Amino acid sequence: MSILVLGGAGYIGSHTVYKLIEEGHDVVVADNLQTGHIEAVHPKVRFYEGDIRDRKFLDELFDKEHAAGTTNGGQKIDGVIHFAANSLVAESMREPLKYYENNLYGTMVLLGVMVDHGISNLVFSSTAAVYGEPSPDKIPILEDAPTRPKNVYGETKLAMEKMIEWTAKAHGLNYVALRYFNACGALDLTGSGCESFMIGEAHDPETHLIPLVLQVPNGKRESISVFGDDYPTADGTCIRDYIHVMDLAQAHVLAMKYLVNDGDSDVFNLGNGRGFSVAKIIEHARHVTGHPIPAVIEPRRAGDPAVLVASNEKAHKILGWQPEYTDIEDIIRTAWQWHENHPDGY
């Protein structure tokens, strides 16, 4: 397959590109490098720096790739994997118009260009944030659960899903929306032969629990904050479903293969189907790093559900997806390998 990855310099995008390259696919990456990193761009891809809100940029990219595919014995782009969006929950609440302008308008431009250029397969990076705060008796979360986002980020992702759905119906596009839970970990270098190409998680600001916890043994913070220890869980801290970034990457590849082979448009959850509490994540990180990692209890944050765990049965059944990283310490170990070697990111 020849695949265009939008946002391929970002965290999940760069790992998906690695997986595509590993499986022998032809890959084109486009990224405006607003939050992505040029160092994360795989050396074997064709890279275009630009913004999906720029229609001229996308038109020229598709024209150039189509021309190269038809004149040089290459391939016309078979599909697009769309990671290009802002994704910070707190920022989305402070700057909602930024999220509507980038996430929705950018997707609108992309869909128009895909229709005009006859590109019909789209894998969309969505999020569990579309579910909001599910009822405790509806855990694990199924794809037909009510979608009631509690923040602007989740609201825009849900609106992007709807835009894609209606455009697909009108113009014959095929799409898969992947709603994933807590992405974590990094490319496992053990035996991979890719030590010269190291990628991992590097956000500024960082908001994800595992990299925040690992900042303590890395000397970047003295302790980790735990927001609430009075939730209705075994140890009083929130429970989340953590899924390794390479398992997410594999799911995107399988979703594109599914579409190229005439699969029906659909929505899938991506998670391990098992939850770990904040306290347990800290405990496992202590074991992996050998550091005491002091924890400080803080007041609850508004809108934090007690438990968010995915059902992954649909993705398993239809896409043939099965997470390989099911041991939380294995997941944390790959993250620590990255952060220990790259304490300041790229």
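Look a little higher up for the structure.
Everything numeric here is computed off the predicted structure, so don't read it as measured data. (Residues numbered from 1 in each chain as written. Predicted model: local features only at pLDDT ≥ 70, side-chain atom pairs only at ≥ 80, totals over all residues. Heavy atoms only, no water.)

**Re the packing of aromatic side chains**
Okay, so step 1: Counted according to the given criterion, the structure contains two aromatic pairs.
Okay, so step 2: Seen in terms of ring centroids, Tyr-258 and Phe-268 are 6.3 Å apart; in terms of plane orientation they differ by 90°. Their pairing is edge-to-face. Taken together, the positions of Tyr-258 in helix α7 (residues 245-260) and Phe-268 in strand β10 (residues 266-270) put the pair ten residues apart, joining distant regions of the chain.
Okay, so step 3: According to the relative accessible area criterion, Tyr-258 is buried, its value standing at 18%.
Okay, so step 4: For the ring pair Trp-338 and Tyr-346, a centre distance of 4.9 Å and an interplane angle of 50° mean the geometry is tilted.
Okay, so step 5: Taking the ring centre of Tyr-231 as reference, the NZ or CZ of Arg-300 above it sits at 3.9 Å.
Okay, so step 6: The ring of Phe-268 has Lys-314 lying over it, and the distance from NZ or CZ to the ring centre is 5.3 Å. (Phe/Tyr/Trp six-rings, centres within 6.5 Å; stacked < 30°, edge-to-face > 60°. Helix = DSSP H or I, 4+ residues; strand = E, 2+ residues; numbered from the N terminus. Buried < 20%, exposed > 50% of the residue type's maximum accessible area, 1.4 Å probe, protein only. Lys NZ or Arg CZ within 6 Å of the ring centre and 35° of its normal.)

**Notes on the sheet that holds strand β6 (residues 174-180)**
Two orientations exist for strands paired in a sheet by backbone hydrogen bonds: parallel and antiparallel.
Okay, so step 1: A sheet is described by the order of its strands in space; here seven strands give the open sequence β3-β2-β1-β4-β5-β6-β10, paired in parallel fashion. For this open sheet the edge positions go to β3 (46-49) and β10, each flanked by a neighbour on one side alone. Within the sheet, the average angular offset between the axes of one strand and its neighbour, ignoring direction, is 20°.
Okay, so step 2: As paired strands, strand β1 (residues 2-6) and strand β2 (residues 26-31) are joined by five bridges and run parallel to one another. (Pairing = 2+ DSSP bridges. Axes fitted to C-alpha atoms, helices over the stretch in contact; angles between N-to-C directions.)

**Details of unusual backbone geometry**
Okay, so step 1: For the peptide bond that leads from Ile-139 to Pro-140, omega is 0°, which places it in the cis range.
Okay, so step 2: If you trace the backbone, Pro-140 turns up in the loop between β5 (121-127) and α5 (152-171).
Okay, so step 3: Residue Pro-205 follows Asp-204 across a cis peptide bond; omega there is 5°.
Okay, so step 4: Mapped onto the elements, Pro-205 comes out in the loop between β7 (182-184) and α6 (209-214).

**Quick look at the side chain of Ser-2**
Okay, so step 1: With respect to the secondary-structure elements, Ser-2 resides in strand β1.
Okay, so step 2: For Ser-2, a relative accessible area of 0% corresponds to the buried category.
Okay, so step 3: Side chain to side chain, Ser-2 and Asp-26 meet in a polar contact 2.7 Å long. (Polar contact = N/O pair within 3.5 Å; in protein donor to acceptor, adjacent residues only side chain to side chain.)

**Here's the deal with the pairing of β5**
Okay, so step 1: Counting buried residues in β5 gives seven out of seven residues, a clear majority hidden from the surface.
Okay, so step 2: The alternating pattern of β5 places Asn-121, Val-123, Ser-125 and Thr-127 on one face and Leu-122, Phe-124 and Ser-126 on the opposite face, and all of these are buried.
Okay, so step 3: Where strand β4 (residues 79-82) and β5 come together, three bridges link them in parallel fashion. When the sheet's bridge partners are listed, Ile-81 is paired in β5 with Val-123.
Okay, so step 4: Taken together, the seven bridges between β5 and β6 define a ladder with parallel strand orientation. By the bridge assignment, Thr-127 is partnered in β6 with Tyr-180.

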